[in-house]
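Survey of secondary and tertiary structure
Read off the chains here:
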Amino acid sequence: MKLKLLACAAVLTLAACATPSTGPDATARFDRFEYASGAVDFSSYDQVFITPITASDELKELVGYRPMGPSDTKRPITLDDLGDKAEDLDDEVRTALGGVVELVGAGGPGILTLEVEMTKLEANRPTQADMIAEPSLSLQSVYAGKAEVMVTFSENGRVLATAVDGDYPTLNDTLPPAPIWSTVNQYYSRLARKLADLMS
C-alpha cells in the first residue's frame, strides 16, 4: 500500500510539473514580456476587451510587394490573406480567453484591454501573392513559415505591459511538407493558450 501511495504521489508531482504556468508565472512563456511600471496580476481581471486584430506597417508594406531579386527574402502577401489570418487569430484568442474571463464590447476601468498586432506572417507553401511575384515558382515549394505578434495590455487607456512572441521554425521543422499556413495556425493556437493561462 505504501508503495502504491508513493507511486501515486510521484505521478501527481509529474503532472503538476507538466501543467503550464498560469497567472503571473505565465509571462515566462512569451518570448519577451515587459511591464510598463511594475508587475500586474492579470488573473485579477474578470472582464477583457479584445480590439480588432491589426497588422504592422511592415507587414502591410508586403501587400503586392515585388522581390528585388534572388537575394531578396521578403515575401509578398495579399490583403485577403492578411484579413483571413487576422480573423483566424481573433477566433483563436476569443475562444481561449472566453473560457476563463468574460469578453466585453468596450474597455474601461477594471477592464483589461488586449491589442494584438500581427508583425510577421509567412506561409509554408506558395500563396497567390508568391505565384504572382514569381510565376515559375513550383506549387510544391516548401518554406519554414513564420508568425509573430505583439500584444499590448492596457486598462482604461493606461498601458500595463507589452509582449512580443512568435514562431520561427527552420525548414527541417516543417518536413514532411506542411499545409499552407501550418506554422501560423499552430502558433495562433499556442498564443491563445498562453494568453488564457495568463488570465487563469
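Refer to the preceding data block for the structure.
Our subject in this report is the structure included herewith. (Residues numbered from 1 in each chain as written. Predicted model: local features only at pLDDT ≥ 70, side-chain atom pairs only at ≥ 80, totals over all residues. Heavy atoms only, no water.)

Along the polypeptide, Thr 152 turns up in strand S6 (residues 146–155). Here Thr 152 falls in the buried class, since its relative accessible area comes to 14%. The spatial distance from the C-alpha of Thr 152 to the C-alpha of Glu 34 is 9.8 Å, given a sequence separation of 118 residues. (Helix = DSSP H or I, 4+ residues; strand = E, 2+ residues; numbered from the N terminus. Buried < 20%, exposed > 50% of the residue type's maximum accessible area, 1.4 Å probe, protein only.)

Here we take up a negative patch on the surface. Together, Asp 80, Asp 84, Glu 87 and Asp 91 make up a region of like negative charge exposed at the surface. Mapped onto the fold, Asp 84 is located in helix H3 (residues 79–97). (Patch = residues over 30% accessible without salt bridge, like charges linked within 9 Å, V, L, I, M, F, W, Y side chains within 5 Å. Areas by Shrake-Rupley, 256 points an atom, 1.4 Å probe, with all protein chains shown as cover. Salt bridge = Lys/Arg side-chain N within 4 Å of Asp/Glu carboxyl O. Lys, Arg positive; Asp, Glu negative; His and termini not counted. Charge placed at Lys NZ, Arg CZ, Asp CG, Glu CD.)

One pass over the structure, following the stated rule, counts seven aromatic pairs. For the pair Phe 33 and Tyr 35, a centre-to-centre distance of 5.3 Å together with 65° between the ring planes defines the contact as edge-to-face. Given the relative accessible area of 16%, Phe 33 is considered buried. For Tyr 35, a relative accessible area of 28% puts it in the partly exposed group. Considering the side-chain rings of Phe 33 and Phe 153, the 5.5 Å spacing of their centres and the 40° angle between planes classify their relative orientation as tilted. Taken together, the positions of Phe 33 in strand S1 (residues 32–35) and Phe 153 in strand S6 put the pair 120 residues apart, joining distant regions of the chain. Sitting over the face of the ring of Tyr 143, Arg 75 holds its NZ or CZ atom 3.6 Å from the ring centroid. (Phe/Tyr/Trp six-rings, centres within 6.5 Å; stacked < 30°, edge-to-face > 60°. Lys NZ or Arg CZ within 6 Å of the ring centre and 35° of its normal.)

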